[in-house]
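These are the residues of each chain, in order.
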Amino acid sequence: NNCVGSCGAEQLSDALRVNKSLRTLSLHGNPIGNHGAYAIADALSVNCTLRILSLHSCCFGDIAASRIGWALDINTESGLHELSMGQNSIGDTGAIRIAQMLKSNAKLQELRLESNCIGDVGAQQLARALEVNRTLSELWLLNNSISKEGV
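Residues numbered from 1 in each chain as written. Predicted model: local features only at pLDDT ≥ 70, side-chain atom pairs only at ≥ 80, totals over all residues. Heavy atoms only, no water.

The next point concerns the overall build of the chain. When its secondary structure is counted, the chain shows five helices and five strands. Against the 2.2 N^0.38 benchmark of 15 Å for 151 residues, the chain shows a C-alpha radius of gyration of 14 Å, consistent with a compact globule. Each of the three principal axes of the chain carries a C-alpha extent, and together these read 45 × 30 × 20 Å. Counting over 151 residues, the chain shows a buried share of 47%. Residue pairs at least 24 apart in sequence account for 88% of intrachain contacts in the chain once pairs closer than 6 positions are excluded. Counting only carbon and sulfur atoms, one obtains 51% of the accessible surface of the chain, whose full area is about 7,100 Å². Separation between the mean location of the 12 positive side-chain charges and that of the 14 negative ones in the chain comes to 6 Å. (Helix = DSSP H or I, 4+ residues; strand = E, 2+ residues; numbered from the N terminus. Rg over C-alpha atoms; globule rule 2.2 N^0.38 Å. Buried < 20%, exposed > 50% of the residue type's maximum accessible area, 1.4 Å probe, protein only. Contact = heavy atoms within 4.5 Å. Areas by Shrake-Rupley, 256 points an atom, 1.4 Å probe, with all protein chains shown as cover. Lys, Arg positive; Asp, Glu negative; His and termini not counted. Charge placed at Lys NZ, Arg CZ, Asp CG, Glu CD.)

Here is the structure:
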């Protein structure tokens, strides 16, 4: 944790829009919040070189997670293989948008959504996405609010 907040995330986002060499970015534990995650999402909509992104424990919720899902959905040239969004406040709404993205994403191999607020509805949508997604090999959902009905 370097205490990177939303302003720092916005500056990183500006750099990610034009940078062609960065492969890994970890903001793990930095309180970027929703606004910082929106900025990172906007950069993900155009960045093609980033391979690993950790937004674990970055204090954002559904709307920001949905925007990240949207960004990866529209950027068909994205090279992102690993995305960690564990230990945030992502619920069913964010999980549903991420599931939509997974239906068409052919690059993402690992998705970490552990320790969020995802319930049965979000888990069911993620499961449906896995019926068509052929590249995701790891999906972390432990410590969410998923009951037997969601499995």
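For Gln11, the location among the structural elements is in helix H1 (residues 6–18). Residue classification places Gln11 among the exposed positions, given a relative accessible area of 60%. Placed 29 residues apart in sequence, Gln11 and Ile40 show a C-alpha to C-alpha distance of 9.3 Å.

Turning our eyes to something else, we now look at helix H3 (residues 62–74). Taking 1.5 Å of rise per residue, 13 residues should cover 18 Å, and H3 covers 18 Å from first to last C-alpha, within 8% of that figure. Looking at H3, one finds that the buried residues are Ala64, Ala65, Ser66, Ile68, Gly69, Ala71 and Leu72. (Expected span 1.5 Å × (residues − 1).)

What follows is about the packing of aromatic side chains. Inspection of every chain in the model, using the stated rule, returns zero aromatic pairs. If you follow Arg112 out to its NZ or CZ, it ends over the ring of Trp140, 3.6 Å from the centre. (Phe/Tyr/Trp six-rings, centres within 6.5 Å; stacked < 30°, edge-to-face > 60°. Lys NZ or Arg CZ within 6 Å of the ring centre and 35° of its normal.)

Core analysis: the biggest nonpolar cluster contains 38 residues, and Leu55, Phe60, Ile68 and Met85 have the highest contact counts within it. Broken down by secondary-structure element, the contributors of at least two residues to this core are H1, helix H2 (33–44), H3, helix H4 (92–104) and helix H5 (120–130). The element best represented in this core is H2, accounting for six residues. Excluding anything up to four places from it in sequence, Leu55 contacts Leu27, Ile32, Ile40, Phe60, Ile68, Ser84, Met85, Gly86 and Asn88. (Core = buried A, V, L, I, M, F, W, Y, C linked by side-chain atoms within 4.5 Å.)

This next bit is on the side chain of His56. Its place among the elements puts His56 in the loop between strand S2 (52–54) and H3. A distance of 3.4 Å separates a polar atom in the side chain of His56 from the backbone oxygen of Gly86. (Polar contact = N/O pair within 3.5 Å; in protein donor to acceptor, adjacent residues only side chain to side chain.)

Now for the sheet that holds strand S1 (residues 24–26). Spatially, S1-S2-S3-S4-S5 is the arrangement adopted by the five strands of the open sheet, whose pairing is parallel. Among the strands making up the open sheet, the edge pair consists of S1 and strand S5 (138–140). Pairwise comparison of adjacent strand axes, ignoring direction, gives a mean angle of 0° for this sheet. (Pairing = 2+ DSSP bridges. Axes fitted to C-alpha atoms, helices over the stretch in contact; angles between N-to-C directions.)

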